Amino acid sequence: MTVRNCTSTPPYIPPNIKNTTQQLNSLRQQMRTNNISAYIIPANDAHLGGYSAEREKRRQWLTGFTGSSGTAVVTLTRAAVFTDSRYWTQAERQMDCNWELQKILSNNAIVHWILGELNVGDKIGFDPFLFSIADWTDVSKLVGDTGIILHSIPDNLVDLIWGGERPSLPNYPIYFLCNEFVGSTWQEKISTVRSQMRAHTQKPTAVLLSALEETAWLFNLRGQDIPYNPFFYSYTLLTLDSIRLFVNVSRISSELQTYLNTNCSDSTCVQILDYGDVRENVINYVKGDVKIWIGTQYTNYGMYEIIPMDKLITEDYSPAMTIKAVKNAKEQDLLKKCHIRDAVAVIQYLVWLEKNVPTGNINEDSGARYVNEMRGKQLYFKGPSFETISGSGLNAALPHYRPSNETNRKLTVGEMYLIDSGGQYFDGTTDITRTVHWGNPTDLEKEAYTRVLMGNIDLTTLVFPPRTAGRVIEAFARGPLWKYGLNYGHGTGHGIGNFFSVHEWPVGLGSSNLPLTKGMFTSIEPGYYHDGYFGIRIEDIVVVVEAQTKYMFGGESYLTFDTVTLVPYARNLIKTEMMTNTQIQHIDKHYKKIRDIMGAELKNQNLQEEYDWLLKSTEPLSHGTLIVASVCLLSITVIANIFLQVSV
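Note that this is a predicted model, so its numbers are computed, not measured. (Residues numbered from 1 in each chain as written. Predicted model: local features only at pLDDT ≥ 70, side-chain atom pairs only at ≥ 80, totals over all residues. Heavy atoms only, no water.)

1. Let's talk about the environment of Met-303
Part 1 of the reasoning: Here Met-303 lies in helix H11 (residues 301-304).
Part 2 of the reasoning: Accessibility expressed as a relative area gives 1% for Met-303, which makes it buried.
Part 3 of the reasoning: Along the backbone, Met-303 and Ala-216 are 87 residues apart, and their C-alpha atoms lie at a distance of 19 Å.
Part 4 of the reasoning: Apart from the residues lying within four places of it in its own chain, the contact partners of Met-303 are Phe-129, Leu-208, Tyr-235, Val-278, Arg-279 and Val-282. (Helix = DSSP H or I, 4+ residues; strand = E, 2+ residues; numbered from the N terminus. Buried < 20%, exposed > 50% of the residue type's maximum accessible area, 1.4 Å probe, protein only. Contact = heavy atoms within 4.5 Å.)

Given below as structure tokens:
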């Protein structure tokens, strides 16, 4: 049994689960010392990214739960973890009975739960560096005038009890990218950001960059402080006449000092300051006649609270984020070439699976390792872009499942298999999901797969006005599923970049993403998960391009997507009779593109077996026959209502 049972007497805890009693007792003692009745422990670090270094994984260390999303709350008598549906099963498998699982993740739910546990005059403690400005605002409003007090504690209480066992600060090398892998020099990027500062109506004198990817992008620097992400812990304070980089000074080599022009004092020279001095430096800076521009999505409350409101300019994203979101011609070319090499590795993997799964010797873990071994043979490979999701049968029904010693299953010809993986290369980041079956899939499996594929195609081929919000159009990927009462619980798309995070915000198809613009890259990844049986996801990376339309309303080109992922879909899972002529023609056209590009690359790498597989897998679906068109996925009324909401 791999899941705890807290209702039995005594409770059943799997032997691999960590006992958290001592940690909780120690934390509660710290809470009493600080006179607080509840303490909130988010999963993120001070830079609010999707991944953190080991020393920043406070919630994981305290609870045993390793999911990337979720918040822990401890009172003097109860302890709970709040997370969303992606991680419910994982949390039950990883936590002991000290922890309650609250199956929802929202500030409303967390705060209401806490308020129900406390009395008037009690204090809720939190680390201000681990709260985004938006989260702080939400929590503060919810607490309101209840008589319960929010208490900022800059010295993190979990760090105090973690003590000497806490991992040390990362000390890996920081390095700069060669010019062949970047679209602009760091000096050009500095100039572009300063131009936006001068053009801003509120005339900022400085921009504070808090997200790790902002500083990495600005200076074309990379590191490896964060698992799967080529970042390093840093802040940047860029003014109109100075550049201040806050980082572990000992990691700046003489070569980097030369690269960053550190031995001078003009406006294009970088001052290297200690990472821990950023807060004090900003406090001193705002004593003058200045205004600091911040992006609220990635600036923590600990930095925000020290800047007087009359010296603050707030927008959702910093200029570094918005500039980075749109790839220039060179960056687009780099990303496309990166995906060609990555597709070779994935095709090699799929061919290997076809040959070896029937032997019964392949499992989820060995499969996950093999696909990354194949990537390792490709030019410029630097490692996986995230922990590979490799799920067979019922495990594939968990959207973010990762194989472990306790859950690892063999791959068999009788079950669906989902592989979601990606690579980091000097020229780009990749992310692809394919779902396959080597035997005789059921009608339900084929219908579900086809509907997911139809949704992928419907969104990919959509033509939409410039500056359309991604949230407005992501429903097109869900339409074929909605029509039959099906859905999926995760987002439909996220940005991706040039040797960056596999989830590169603020591009994507969610509510908080930037409006779509030519040159942005995003994933399109609808899915369906049949709990306890199988899971399906089909993920491609696409780039926003100009559409060829008969008319041009407002004198601006409309937009559409071009797919840069070049791996065929599972032929034996596609029910063409469910699809429209347009959908089938799109696949046939895309398959021709795959044949032309990947066929040449496979031959160039002397991969004849994979080339033969590619030819077979990309044969046209239509074969010149007439396919009966299916019923329209969304009514004209629904589509009209959706586009009335387009945000410009």
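2. Comments concerning the state of the cysteines
Two cysteines, two sulfur atoms, one covalent bond between them: this is a disulfide.
Part 1 of the reasoning: Taken as a whole and judged by the stated rule, the model has two disulfides.
Part 2 of the reasoning: Paired through a disulfide, Cys-6 and Cys-97 show a sulfur-sulfur distance of 2.0 Å. Sign of the S-S torsion, about -95 degrees for the bond between Cys-6 and Cys-97, identifies this disulfide as left-handed. Residue Cys-6 is found in the segment before helix H1 (21-33), and its partner Cys-97 is found in the loop between helix H3 (88-94) and strand S4 (100-102); the two are separated by 91 residues along the sequence.
Part 3 of the reasoning: By relative accessible area, Cys-6 is classed as partly exposed at 36%.
Part 4 of the reasoning: You can call Cys-97 partly exposed: its relative accessible area is 28%.
Part 5 of the reasoning: With its sulfur 1.6 Å from that of its partner, Cys-264 forms a disulfide with Cys-269. Where Cys-264 bonds to Cys-269 through sulfur, the torsion about that S-S bond is close to -105 degrees, and the disulfide is left-handed. (Disulfide = S-S within 2.5 Å.)

3. Structural notes on the sheet that holds strand S24 (residues 540-546)
Part 1 of the reasoning: Strand order in the open sheet formed by three strands is S21-S24-S25, and the pairing between neighbours is antiparallel. At either margin of the open sheet sits one strand with a lone partner, and together these are strand S21 (521-524) and strand S25 (559-563). Here the strands of the sheet are splayed against their neighbours by 45 degrees on average, with no regard to which way each runs.
Part 2 of the reasoning: For S24 and S25, the ladder comprises five bridges, and the chain directions are antiparallel. Residue pairing in the sheet places Val-544 in a bridge with Phe-561 of S25.
Part 3 of the reasoning: Relative to S25, helix H15 (residues 443-460) is tilted by about 130 degrees, and along the sheet it contacts S21, S24 and S25. (Pairing = 2+ DSSP bridges. Axes fitted to C-alpha atoms, helices over the stretch in contact; angles between N-to-C directions.)

4. Notes on the sheet that holds strand S5 (residues 123-126)
Part 1 of the reasoning: As summarised here, the arrangement of the six strands in space is S4-S3-S2-S1-S5-S6, forming an open sheet in which the pairing is mixed. Each end of this open sheet is capped by a strand with a single partner; those strands are S4 and strand S6 (149-152). Neighbouring strand axes in the sheet, compared pairwise and without regard to direction, differ in orientation by 25 degrees on average.
Part 2 of the reasoning: As paired elements, strand S2 (residues 71-75) and strand S3 (residues 79-82) share four bridges and run antiparallel to each other. Bridged to Val-74 within S3 is Ala-79.
Part 3 of the reasoning: Set on the sheet, helix H4 (residues 107-117) makes contact with strand S1 (38-41), S2, S3, S4 and S5; between it and S2 the angle comes to about 5 degrees.
Part 4 of the reasoning: Across the sheet, helix H5 (residues 133-143) lies against S5 and S6, angled at about 150 degrees from S6, the strand it touches most.

5. What to know about the pattern of salt bridges
Part 1 of the reasoning: Per the stated rule, a full pass over the model turns up 29 salt bridges.
Part 2 of the reasoning: Notably, a salt bridge pairs Glu-447 with Arg-451, separated by 3.1 Å at the nearest N-O pair. Here Arg-451 and Glu-447 lie together in helix H15, a separation of four residues that amounts to about one turn.
Part 3 of the reasoning: One network of salt bridges, in which partners are shared, links Arg-55, Glu-56, Arg-58, Asp-159 and Arg-166. (Salt bridge = Lys/Arg side-chain N within 4 Å of Asp/Glu carboxyl O.)

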